[in-house]
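Structural characterization, general
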Amino acid sequence: MELFITASVNAGISLHWGAHQVWCDALHDTRVPGLSTLTPERFRRLLAHPAFQGPELLFFTHCHPDHYSKAQVQEVRRRWPSCFLALPEQRETAQILLQGESPGLRLGTDLVIRFRRLPHEGRQYAAVPHYGAILEREGFRILLAGDCAIAAQELADFVDGASIDLAVLPFPWITLPRGRAFVEQVIRPGRLLIHHLPLPEDDTYGYRPAVEAALGKVRVPEVQLFNRAFQEISF
């Protein structure tokens, strides 16, 4: 299947899937308390890393500063000017503006991406434009939920009983019982990849040990964890 997923930092990932390379929330430069970000040194590492060369699409679920950096996006597009940019706010003159309930995008002849507006976790962020996505290629589906509210009905409607082969979710989905129940009963993924963890030096609130303790509590066939910068997993 030739699927390789590489972490940047926080919720950022690069997906190499056949001939395609899609980055999701991979570029950000503002450190939020308790989380990590791409410092200038880490950004230099990213730009030199083999998994972060020649992106076809930069996708941002939303524009919070721990997910999106305008300056880093501009540097990446300067290096690779042919890459597409999709995000739910108008931040660049040349971009795909995600709007409406369920926009879509096709890359090449074999990769279809369906986006869906989903509520951001936390009532204070209810108005934030935020989109998840389901990527499908050769019958294999990947769910990217971004910072979707835990157990949101909108996410259940988006999945709508479809077979999800890989779900990429932030860590509260397994540390919270209602998150685990939703994963097991609604998403029902063949594989689960957990991310959005801080690096050890930034783990002010003890998220990392909480996630380690919760790994065995979620009942899905396979669970993997991104807990290092530039960690790679293949499927």
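Below you will find a few notes about this structure. All values reported here derive from a predicted model rather than from experimental measurement.

Glancing now at the sheet that holds strand S2 (residues 13-17). Sheets are built from strands paired through backbone hydrogen bonds, the pairs being either parallel or antiparallel. The sheet built from seven strands is open, its strands ordered S6-S5-S4-S3-S2-S1-S14 with mixed pairing. A single partner strand is all that each edge strand has here, and the edge strands are strand S6 (96-97) and strand S14 (232-234). Looking at chain direction, strand S1 (residues 3-7) and S2 are connected through five bridges and run antiparallel. Looking at the pairing, threonine 6 lines up with serine 14 of S2.

Across the five residues of S1, four count as buried, placing the element largely inside the fold. Pairing analysis gives three bridges linking S1 to S14, with the strands arranged antiparallel. Across the sheet, residue threonine 6 finds its bridge partner in S14, namely glutamate 232.

What follows is about the sheet that holds strand S7 (residues 104-107). The strand order across the open sheet formed by seven strands is S7-S8-S9-S10-S11-S12-S13, and the pairing between neighbours is mixed. A single partner strand is all that each edge strand has here, and the edge strands are S7 and strand S13 (223-225). On average, each strand axis in the sheet is inclined to that of its neighbour by 20°, with strand direction left out of account.

Along the chain, histidine 120 turns up in the loop between strand S8 (111-117) and strand S9 (131-137). Looking at histidine 120, its side chain comes within polar contact range of the side chain of histidine 64, at 3.4 Å. When residues no more than four places from it in sequence are discounted, the contact partners of histidine 120 are His62, His64, Tyr125, His130, Asp147 and Ala149.

Applying the stated rule across the entire model yields nine aromatic pairs. Aromatic side chains phenylalanine 60 and tyrosine 68 sit 5.1 Å apart centroid to centroid with 85° between the ring planes, which places their arrangement in the edge-to-face category. Considered together, phenylalanine 60 and tyrosine 68 belong to a single accessibility category, that of buried residues. Seen from their ring centres, tryptophan 173 and phenylalanine 182 are 5.5 Å apart, and the 55° between their planes marks the pair as tilted. For tryptophan 173, a relative accessible area of 0% translates into the label buried. Put simply, the rings of Trp23, Phe52, Trp80 and Phe230 touch in pairs and so form one group of aromatic residues.

About the cut-offs
Residues numbered from 1 in each chain as written. Predicted model: local features only at pLDDT ≥ 70, side-chain atom pairs only at ≥ 80, totals over all residues. Heavy atoms only, no water. Pairing = 2+ DSSP bridges. Helix = DSSP H or I, 4+ residues; strand = E, 2+ residues; numbered from the N terminus. Buried < 20%, exposed > 50% of the residue type's maximum accessible area, 1.4 Å probe, protein only. Axes fitted to C-alpha atoms, helices over the stretch in contact; angles between N-to-C directions. Polar contact = N/O pair within 3.5 Å; in protein donor to acceptor, adjacent residues only side chain to side chain. Contact = heavy atoms within 4.5 Å. Phe/Tyr/Trp six-rings, centres within 6.5 Å; stacked < 30°, edge-to-face > 60°.

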